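Given next are the chains, with one letter for each unit.
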Amino acid sequence: MPTDRTEPPTVPYLPTVPYLPTGSTFGPAEIAAVERVLSSGNRLSCGPERELFEREFAEHLGARYAISLTNCTVALELATYLLGLRRGDNVIATPQTYQANVTALLGLPVDVRFGDIDPDTLNLCPESVADLVDERTRAIFLVHYGGNPADLNRLLEITAGRDIAVIEDCAHALGATSHGTGLGTRGTFGCWSFQSYKNISTLGEGGMLTVADPALAEVARRIRSIEPDADFAPRAGRVFPGMDPPADGVERHEKNAYLEDCVALRHPGTNSTLAEPAAAVGRVQLGRLAGFVARRREIADRLDRALGEIEGLRVQSRRPGARSAHHLYTCFVEPDTGIDRDAVAARLRAAGIEIQLRYFPVHLLPEWRYRGHGLGECPVAERIWFTEQLNLPIYPQLTDAQVDYMIDKLAEVMAELRAAA
């Protein structure tokens, strides 16, 4: 006879050092900003907060134009569209990134070539790019991985005198500098994220596109506001004979329907404007950015010093003159130790240190394998991710006690695994 069996209760995983879903803190100033907007009686979309946030963001970076958007993916999509890529063009991208960096390229008839990465910075290796550039190359998509600035000087040397755009994915990089200059201002486009994990957030989602070309900025603003990127021509006669619009002041949303014909249509437009409460919070968070990054830097420096003394671990390097925003903290399990990186990650998680490995090599995702990419294409990125890379939690809310706990546990785990190797 069957008997009733009582399943043991599921014990929730309650980490000592969680990987928090918020990369900055929110307090009375952010709450007051939202209350101010909501109680103002002003519209909650396409208003003054958005314009002020864009102006302040551009001034912070030294960018010419900043265009706020609903998220960084939209910024990347707009940048990709504005490149004007055609069939037969090729684009060079990094494999060490979140999938959104190259998603817009999936639907285009272009040849996407993944360059390999530098094994220390995890950024796109310039010499790998130089090997891939040819007369059909039209763009390079780079990522400032973890907030660690890529070697933009060398990449711009490679593209000098060629019709090659540089798209800087700065999703991790707000607060980083290279030789004292803000990122996202030297390439053709800078694409920024204010998603919940990032160094500042606009209520969970948000993005920005920075650009120096006024014509490109104007097209981006138009598309963002659900206007098409199109050419119009005035009509000599009436479009709707006998039906002229009444001069009664009623809003009819007719735009240019009575006056012009569309003679070319390139993009239908999309509604991707950042809401006023989100923009207001973004302004407050931007003002607090220096403090957020200073705390991240303090934690990273402490981890670098301590982990650099642990046998079998290697800490991430930065180029001279580069200051990271420390959106991610990355270290490496040395391959000649015989220690399994996955065993390290599993033991840390069991000790209450929540681990997220960022990011799986994008060229090995199924949709990119469908496009013809595969194992062996980027050997450095593949080796680093599958056998060496380890990401530890880092965010301003981490306490010194939690940092000490991570250091102690990692030293303990590495010692145990060295003894067993």
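Residues numbered from 1 in each chain as written. Predicted model: local features only at pLDDT ≥ 70, side-chain atom pairs only at ≥ 80, totals over all residues. Heavy atoms only, no water.

Description of a nonpolar patch on the surface
Next up, step 1: On the surface, Phe-360, Leu-375 and Phe-386 cluster together to form a nonpolar patch covering roughly 300 Å² of accessible area.
Next up, step 2: Mapped onto the elements, Phe-360 comes out in the loop between helix 8 (341–350) and helix 9 (366–370). (Patch = residues over 30% accessible without salt bridge, like charges linked within 9 Å, V, L, I, M, F, W, Y side chains within 5 Å. Areas by Shrake-Rupley, 256 points an atom, 1.4 Å probe, with all protein chains shown as cover. Salt bridge = Lys/Arg side-chain N within 4 Å of Asp/Glu carboxyl O. Helix = DSSP H or I, 4+ residues; strand = E, 2+ residues; numbered from the N terminus.)

Thoughts on the packing of aromatic side chains
Next up, step 1: Scanning the model with the defined rule gives 11 aromatic pairs in all.
Next up, step 2: Between Phe-53 and Phe-194, the aromatic rings sit 5.5 Å apart at their centres with planes inclined by 55°, giving tilted as the arrangement. Of this pair, Phe-53 sits in helix 2 (residues 48–61) while Phe-194 sits in the loop between strand 8 (189–193) and strand 9 (207–211), and the two are 141 residues apart along the sequence.
Next up, step 3: Judged by relative accessible area, Phe-194 falls into the buried class, the value being 0%.
Next up, step 4: For Arg-341, the ring lying beneath its charged end belongs to Trp-385, and the centroid distance is 5.4 Å.
Next up, step 5: In this arrangement the basic side chain of Arg-358 is found over the ring face of Tyr-197, its NZ or CZ atom lying 4.6 Å from the centre. (Phe/Tyr/Trp six-rings, centres within 6.5 Å; stacked < 30°, edge-to-face > 60°. Buried < 20%, exposed > 50% of the residue type's maximum accessible area, 1.4 Å probe, protein only. Lys NZ or Arg CZ within 6 Å of the ring centre and 35° of its normal.)

Side note on unusual backbone geometry
Next up, step 1: Residue Tyr-359 follows Arg-358 across a cis peptide bond; omega there is 5°.
Next up, step 2: Mapping Tyr-359 onto the fold places it in the loop between helix 8 and helix 9.
Next up, step 3: Phi is positive for Leu-122, which is not a glycine, with a value near 70°.
Next up, step 4: Here Leu-122 lies in the loop between strand 3 (111–114) and helix 4 (126–132).
Next up, step 5: Of the residues examined, Leu-122 reaches a relative accessible area of 1% and is grouped as buried.
Next up, step 6: You will see that His-253, though not glycine, has its phi angle at about 55°, which is positive.
Next up, step 7: Residue placement: His-253 occurs in the loop between strand 10 (229–234) and strand 11 (260–267).

Notes on the environment of Ala-381
Next up, step 1: Mapping Ala-381 onto the fold places it in helix 10 (residues 379–388).
Next up, step 2: Ala-381 gets classed as buried once you look at its relative accessible area, which sits at 3%.
Next up, step 3: On a C-alpha basis, the gap between Ala-381 and Thr-94 in space is 9.2 Å, while along the polypeptide they are 287 residues apart.
Next up, step 4: Ignoring any residue separated from it by four or fewer positions in sequence, one finds Ala-381 in contact with Pro-95, Asp-116, Ile-117 and Pro-361. (Contact = heavy atoms within 4.5 Å.)

Quick notes on the nonpolar core
Next up, step 1: In terms of nonpolar packing, the biggest core is built from 46 residues, with Leu-105, Ile-167 and Leu-209 touching the most fellow members.
Next up, step 2: Here this core gets seven residues from one element, more than from any other, and that element is helix 3 (residues 72–82).
Next up, step 3: When neighbours within four sequence positions are excluded, Leu-105 is seen to be in contact with Thr-80, Leu-85, Val-91, Val-110, Val-112, Phe-141, Trp-368 and Arg-371.
Next up, step 4: Within the second largest apolar cluster, 28 residues are counted, among which are Val-17, Ile-310, Leu-392 and Met-414. (Core = buried A, V, L, I, M, F, W, Y, C linked by side-chain atoms within 4.5 Å.)

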